[in-house]
Number of protein chains: 2
Amino acid sequence: MSELKNDRFLRALLKEPVDVTPVWMMRQAGRYLPEYRAARARAGSFMDLCRNPELACEVTLQPLERFPLDAAILFSDILTVPDAMGLGLYFAEGEGPRFERPVRSEADIDRLGVPDPEQELGYVMDAVRLIRRELAGRVPLIGFSGSPWTLATYMVEGGSSKEYARVKGMMYDRPELMHRLLETVAEAVTAYLNAQIRAGAQAVQIFDTWGGILTPRDYREFSLRHMARIVEGLIREHEGRRVPVILFTKGGGAWLEDMAATGADALGLDWTIDIGEARTRVGDQVALQGNMDPCVLYASPERIRREVADILAAYGHGSGHVFNLGHGIHPGVDPEHAAAFIEAVHELSAPYHA
Amino acid sequence: MSELKNDRFLRALLKEPVDVTPVWMMRQAGRYLPEYRAARARAGSFMDLCRNPELACEVTLQPLERFPLDAAILFSDILTVPDAMGLGLYFAEGEGPRFERPVRSEADIDRLGVPDPEQELGYVMDAVRLIRRELAGRVPLIGFSGSPWTLATYMVEGGSSKEYARVKGMMYDRPELMHRLLETVAEAVTAYLNAQIRAGAQAVQIFDTWGGILTPRDYREFSLRHMARIVEGLIREHEGRRVPVILFTKGGGAWLEDMAATGADALGLDWTIDIGEARTRVGDQVALQGNMDPCVLYASPERIRREVADILAAYGHGSGHVFNLGHGIHPGVDPEHAAAFIEAVHELSAPYHA
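Parameters at a glance
Residues numbered from 1 in each chain as written. Chains lettered and ligands numbered in written order. Predicted model: local features only at pLDDT ≥ 70, side-chain atom pairs only at ≥ 80, totals over all residues. Heavy atoms only, no water. Phe/Tyr/Trp six-rings, centres within 6.5 Å; stacked < 30°, edge-to-face > 60°. Helix = DSSP H or I, 4+ residues; strand = E, 2+ residues; numbered from the N terminus. Buried < 20%, exposed > 50% of the residue type's maximum accessible area, 1.4 Å probe, protein only. Contact = heavy atoms within 4.5 Å. Buried area = accessible area lost by both parts, 1.4 Å probe. Salt bridge = Lys/Arg side-chain N within 4 Å of Asp/Glu carboxyl O. Nonpolar A, V, L, I, M, F, W, Y, C, P; charged D, E, K, R; others polar. pLDDT = per-residue confidence, 0-100. Least-squares fit on C-alpha atoms with pLDDT ≥ 70 in both. Disulfide = S-S within 2.5 Å. Expected span 1.5 Å × (residues − 1). Bend = angle between axes of the 7 residues up to and from the residue. Pairing = 2+ DSSP bridges. Axes fitted to C-alpha atoms, helices over the stretch in contact; angles between N-to-C directions.

### Let's talk about the packing of aromatic side chains
Residue and element names in this part refer to chain A.
Here's step 1: One pass over the full model with this rule turns up 16 aromatic pairs over all chains.
Here's step 2: Consider the rings of Phe144 and Phe207, whose centres lie 5.6 Å apart with planes at 80°: the pair is edge-to-face. You can see Phe144 sitting in strand β4 (residues 141-146) and its partner Phe207 sitting in strand β5 (residues 203-208), a full 63 residues away along the chain. The same class applies to Phe144 and to Phe207, which are both buried.
Here's step 3: Feature note: the residues Tyr36, Phe46, Phe75 and Phe91 constitute an aromatic cluster, connected by ring pairs.

### Some thoughts on the interface of chain A and chain B
Here's step 1: In this assembly, 29 residues from chain A lie in contact with 29 residues from chain B.
Here's step 2: Between chain A and chain B the total buried area reaches about 2300 Å² when both faces are included, carbon and sulfur atoms providing 51% of it.
Here's step 3: The interface formed by chain A and chain B contains six salt bridges.
Here's step 4: Residues Glu307 of chain B and Arg217 of chain A are paired through a salt bridge, measuring 3.1 Å at the closest nitrogen-oxygen approach.
Here's step 5: Those elements giving two or more residues to the side of chain A that touches chain B turn out to be α9 (165-173), α11 (216-233) and α14 (301-315) of chain A.
Here's step 6: A breakdown of the residues in the side of chain A that touches chain B according to their chemical character gives 14 nonpolar, six polar and nine charged.

### Quick word on the confidence of the model for chain A
Here's step 1: Averaged over chain A, the pLDDT score is 97; the fraction of residues at 70 or greater is 99%.
Here's step 2: Both confidence scores are given for the complex: pTM 0.96, ipTM 0.95.

### Regarding the relation of the copies chain A and chain B
Here's step 1: Between the two copies, chain A and chain B, the superposition gives an RMSD of 0.0 Å; the rotation angle is 180° and the shift along the axis is 0.0 Å. Both copies of the chain, as the preceding transformation shows, are related through a two-fold rotation axis. Taking the C-alpha atom as reference, chain A places Ala254 of chain A closest to the rotation axis, 3.6 Å from it.
Here's step 2: Looking at chain A, 100% of its interface residues are interface residues in chain B too, so the copies touch through the same face.

### Points about the state of the cysteines
Here's step 1: Within this structure, the stated rule accounts for zero disulfides over all chains.
Here's step 2: This cysteine, Cys50 of chain B, is not joined by any disulfide, and Cys57 of chain B carries the nearest cysteine sulfur, 14 Å off.

### Section: the environment of Gly212 of chain B
Here's step 1: You can see Gly212 of chain B is positioned in the loop between β5 (203-208) and α11 (216-233).
Here's step 2: Looking at Gly212 of chain B, the relative accessible area reads 18%, which means it is buried.
Here's step 3: Separated by 202 residues in sequence, Gly212 of chain B and Leu10 of chain B place their C-alpha atoms 27 Å apart.
Here's step 4: Beyond its immediate chain neighbours, meaning those up to four positions away, Gly212 of chain B contacts Thr272 of chain A together with Thr249, Lys250, Gly251 and Trp255 of chain B.

### Thoughts on α11 of chain A
Residues and elements named next belong to chain A.
Here's step 1: Compared with an ideal rise of 1.5 Å per residue, which puts 18 residues at 26 Å, α11 spans 24 Å between its outermost C-alpha atoms and is within 8% of the ideal.
Here's step 2: Leu224 marks where α11 bends most, by close to 40°.
Here's step 3: Within α11, the full set of buried residues consists of Pro216, Asp218, Tyr219, Phe222, Ser223, Leu224, His226, Met227, Ala228, Ile230 and Val231.
Here's step 4: Buried-residue contacts for α11 involve α8 (148-157), α9, α10 (175-199), β5, β8 (245-249) and α12 (256-260).

### Things to note about the sheet that holds strand β10 (residues 287-292) of chain B
All names here are of chain B.
Here's step 1: Pairing in this open sheet of seven strands is parallel, and the strands run β1-β4-β5-β8-β9-β10-β11 from one edge to the other. Every interior strand has two partners, whereas the edge strands, β1 (72-73) and β11 (321-325), have only one.
Here's step 2: One ladder, built from two bridges, connects β1 with strand β4 (residues 141-146); its direction is parallel. Paired with Ile73 across the strands is Ile142, a residue of β4.

### Some words on the pattern of salt bridges
Residues and elements named next belong to chain B.
Here's step 1: Counted by the stated rule, this structure contains 56 salt bridges over all chains.
Here's step 2: The salt bridge involving Arg281 is made with Glu257; its shortest N-O contact spans 2.8 Å. With Arg281 in helix α13 (residues 275-282) and Glu257 in helix α12 (residues 256-260), the pair connects residues that are 24 residues apart, well separated along the chain.
Here's step 3: Close ionic contact of Glu347 with Arg305 constitutes a salt bridge, the shortest N to O distance being 2.9 Å. Taken as a pair, Glu347 in helix α15 (residues 335-349) and Arg305 in helix α14 (residues 301-315) lie far apart in primary sequence, 42 residues in all.
Here's step 4: Exposure remark for Glu347: the relative accessible area of 45% places this residue in the partly exposed category.

### Here we look at the side chain of Thr153 of chain B
Here's step 1: Along the chain, the position of Thr153 of chain B falls in helix α8 (residues 148-157).
Here's step 2: The exposure class assigned to Thr153 of chain B is buried, which follows from its relative accessible area of 1%.

### Points about the sheet that holds strand β11 (residues 321-325) of chain A
Residue and element names in this part refer to chain A.
Here's step 1: One open sheet holds the seven strands; their spatial order is β1-β4-β5-β8-β9-β10-β11, and the pairing between them is parallel. Whereas interior strands pair on both sides, the edge strands pair on one side only; in this sheet they are β1 (72-73) and β11.
Here's step 2: Examined bridge by bridge, strand β10 (residues 287-292) and β11 share five bridges and lie parallel to one another. Paired with Gly290 across the bridge in β11 is Phe323.
Here's step 3: Contacts from helix α13 (residues 275-282) reach β9 (266-268), β10 and β11, with the element oriented near 165° to β10.

### Here we look at unusual backbone geometry
Residues and elements named next belong to chain A.
Here's step 1: Backbone torsion omega between Gly290 and Asn291 reads -5°, so that peptide bond is classified as cis.
Here's step 2: Tracing the backbone shows Asn291 in strand β10.
Here's step 3: Its identity as a non-glycine residue notwithstanding, Glu239 has a phi of 50°, on the positive side.
Here's step 4: Along the chain, the position of Glu239 falls in the loop between β6 (237-238) and β7 (241-242).

### Section: the side chain of Thr209 of chain B
Here's step 1: Following the sequence through the fold, Thr209 of chain B ends up in the loop between β5 and α11.
Here's step 2: Among all residues touching Thr209 of chain B, those that are not within four sequence positions of it are Thr150, Phe248, Lys250 and His327 of chain B.

### Focus: the environment of Glu16 of chain A
Residues and elements named next belong to chain A.
Here's step 1: Here Glu16 is to be found in the loop between α1 (8-13) and α2 (34-43).
Here's step 2: Through-space distance from the C-alpha of Glu16 to that of Ser319 is 6.1 Å; in sequence the pair is 303 residues apart.
Here's step 3: Those residues in contact with Glu16, other than ones at most four positions away along the chain, are Arg11 and Ser319.

### Here's the deal with the environment of Cys57 of chain A
Residues and elements named next belong to chain A.
Here's step 1: In this fold, Cys57 is placed in helix α4 (residues 53-66).
Here's step 2: Since its relative accessible area comes to 5%, Cys57 is described here as buried.
Here's step 3: Those residues within four positions of Cys57 in sequence are excluded, and the remaining contacts are Leu130, Ile131 and Glu134.

Here it is as structure tokens:
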């Protein structure tokens, strides 16, 4: 493997000194880029794009050709794991993800197996290996997975949901059954992330998109507990280097102390919390990633620059901050605005690392 | 006006002693009730139901015929105010609310007038008067409005939104314009709520459904500031009795201290915060309303009862708690489960008031 030419991202996650604050964007390989839309059109469906390692690699690298980003993130979907568990993922046009065989009963849960990531998810590992080769040490590659709770919401509901009637009904009425499901998914996610690390992912992020819909008690019991078991089971050193783990619970600002106690290296923040306050609360325990409102990218480059300045000032001096949006970049954003954002982070952050 | 036979709700909002914890449910007059669906079918459209005082009164009283609720809430929609401001509200089948003339430019904002509530919103005031007469002092009647920020999201987006691109674009790029819009809406809401109070509403709630999508700084500047001005402008005593004001920001758990400082009597909580922790934070400054996850109503009556017990224990002894869901009751809930919820609150709360 080639030497890393830019390791700011990994250093910041471990609170080691950096020259400027590293930056990447959730969904940086996505629909706001015309070259992504072209690749997507060539691939056919969204899942065809995910399942084709060459195309997934091409799309992963697209934002790096445009912007001086400090990390690449594997292009894939969080629902590849339940798909490999036999649920039959498909995308209905304009409707979002759906499963042919949702998990509704005890028998459905008993039937679930833990996929071998090099077999059923071999296309993801092939993409990771290919991206690492093509990156040639330019920046580190981030692997990722959905959290067990987040994956379970889709698995039980059979797709996206607004009310979470079925999954919460199961959680409230049959907690032991819900834990069995979550344990199986956690085992699958652990194997999946470890396979990504072995294939070349240099950091991993767990996306807990729906942890924030739970009460504080249920968040700890049904989401955080299972993420903590994953963190315990992950390969933490590979290729002679620490592999940092980032936990991101959308809407999880109230629970940062509990998240930090899992042993994760960094926490992702959405924009509903002040990053300076978050830093005071977690102290030296973890690094922080975030947290500009993605909607700021609809505003002018001057306004974007001021927002970046405010967030840098709120975090303050020293390492331990990876700049990012608080959620994925929206499809309607002008790529020039993303460029202004990334440039502002690098330019304005230098004094904080002097 | 008849003497109030059950004033637990008003007493709890003012932290005066009560025999048991009062309870009502957001959207208690709603689609989960077959008698509501029948009235809705008779009315024609949803807005026909809102605009007909007799039907609005009938629907308001329906849940009180079934359940021993401690308050009635006016049946209406938060978008009646922007509709009266000339935006042309309509409901596209299966699509949610839409405005014919959304507010997109400075000229659109300049054109907005502050409606006279007894004229353009006379149908709401007629409903309030009729409901008060029909209630005959059984329980108090709650009036309500959307918050300026929440109304502005619909007014600028032209309906519901997932990304809030336009309204946040305006907020970030043209803050002075956004404030002009919010000031006009706040003026209209103040007049609207005061007219409801004069017509007979005995408490009012401001629904800030979308305050939680803002950063802490923008929440204070664009949502809370304008709600605080409304609270200042409200009639606080009527018919010889205090008219309590409840502020409810969904996802606002992190900002309770700021919300309490507005002078509101009570804060509504969603389920993502522990009510005991919230009580510690706000101290004696305000009462608290909430906060069971509406999805608990999908579980068994026994499970519902345990959840009620947990929330009562978390709040602890003494007055100042109005039990409610953390958001509106879902259309798919079995009314028997709502009955079990309300019964559990009354039965299990008595020891906390002994």
